[in-house]
Structure formats: C-alpha cells, structure tokens
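Coordinate inspection notes
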Amino acid sequence: LRGTVLARSHPALNMALPAEHKGYGAQTIDGRVWRSYTLISDNGVRITTADPVEERSQLERSIWLSATVPALVALLGSLGILALGVRKGLAPLTRIREALLRRSADDLSPLPEQHLPRELQPLVSSQNRLLERIAQAMERERCLTDNMAHELRSPLTVIKTSLQVARMTGGATAEQA
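Rules of the game
- Residues numbered from 1 in each chain as written.
- Predicted model: local features only at pLDDT ≥ 70, side-chain atom pairs only at ≥ 80, totals over all residues.
- Heavy atoms only, no water.
- Pairing = 2+ DSSP bridges.
- Helix = DSSP H or I, 4+ residues; strand = E, 2+ residues; numbered from the N terminus.
- Axes fitted to C-alpha atoms, helices over the stretch in contact; angles between N-to-C directions.
- pLDDT = per-residue confidence, 0-100.
- Expected span 1.5 Å × (residues − 1).
- Bend = angle between axes of the 7 residues up to and from the residue.
- Buried < 20%, exposed > 50% of the residue type's maximum accessible area, 1.4 Å probe, protein only.
- Contact = heavy atoms within 4.5 Å.

The strand order across the open sheet built from 3 strands is 1-2-3, with neighbouring strands paired in antiparallel fashion. What marks the edges here is a single partner per strand, and that holds for strand 1 (23-29) and strand 3 (46-52). When the angles between neighbouring strand axes are averaged without regard to direction, this sheet yields 30°. The pairing of strand 1 with strand 2 (residues 32-40) spans 7 bridges and is antiparallel. Bridge pairing in strand 2 links tyrosine 24 to tyrosine 37.

Written out as structure tokens, the structure is:
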C-alpha cells in the first residue's frame, strides 16, 4: 500500500491506478475511460486490474460475432439440408400426384408400385384397389344401362308401330291402334 507498482501489463498506465476501495470501478486516465477491479488482500497487497472500455467493447463484439456467426451459418446450412431432405423424401408423393393429374377422367388403370418407398406402397396399393372397385362399379353400371336400353326398346317399338298404324289408317283400326 506504499503505492509502488510491482507489475504492469498495459503500457498506457504509467502511474498507479487510484483505487480507494475494493471492487469494480470506472476511472478516466488521459481522457480514456478504464474499467477496473481492485482486490485488497489480508496481508496488505492491493491488486488492481484495468482495461480500456473501448477495448472491452471491441472484445465483447468480437466474442458476440464469433459466437453468433457460426451458429447462424450452421442454422442456415441445417435448414438447407433439411429442405433438400424433405424435398427428396416427398419426391415419390410428387410423382404419384403428377401421375394422377396427367390421367384422363376415365383412366382407371393402376398406379405403378415399383420404385416406391416401403411407407408409400400400402397407400398406392389401396389406391389401386379403389381404382379397381370404381372400374368394376362403372362396368356394372354400363351393363345395367345396356340391359335397360334393350328392355325399353321393345315397348317403345310397339308404341311407335301403333302410332304409325294409327296415322296410316282410319276408322276403328286407327282408334284401336
């Protein structure tokens, strides 16, 4: 506590730092603000450390940049890889969707099941079974329509013939027709 400087690490400090009390403090030396910390030991030795505030601010910015820039780069890289992975993972679904969009309304042929991931094969298989059931239902409807048309032709032909006979003849025959 005689004021003798035993060691110095910063060349700008040519004198002892004023430190009346222990703990943190801010001091202006030669127009520069210094942040200091003073420790007074039990045997009477006073240790004071100090750094210029602008150096501390630069150090803080460099630490902040060195911590955030790699994290941001890693985050953006991870997002890019994730986007590629999702796009590649959903590519089979996109192929199925495009195959269905290219089809005409009456195309009920099955979708190709080869080159699909295991997870999508049950979906495409059930879709193909649905298309098959729809094709069968449409075939049954077509047969029903054909049978109905055939069955309706005979009565319509009889009615048409009776009307023609009524037009060509007169009297009781026309009335009966």
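More follows now that the structure is in view.
For the protein chain, mean pLDDT is 84; residues scoring 70 or higher make up 91% of the total. Taking the mean pLDDT of every element in the protein chain, the minimum, 77, falls on helix 3 (residues 171-176) and the maximum, 93, on helix 1 (residues 53-102).

The terminal C-alpha atoms of helix 1, which comprises 50 residues, lie 69 Å apart, in line with the 74 Å expected from a rise of 1.5 Å per residue. Of all the bends in helix 1, the greatest, near 45°, is centred on alanine 91, and the proline proline 92 appears no more than four residues after it. Buried within helix 1 are the following residues: Pro92, Ile96 and Ala99. For helix 1, the secondary structure elements touched by its buried residues are helix 2 (121-168).

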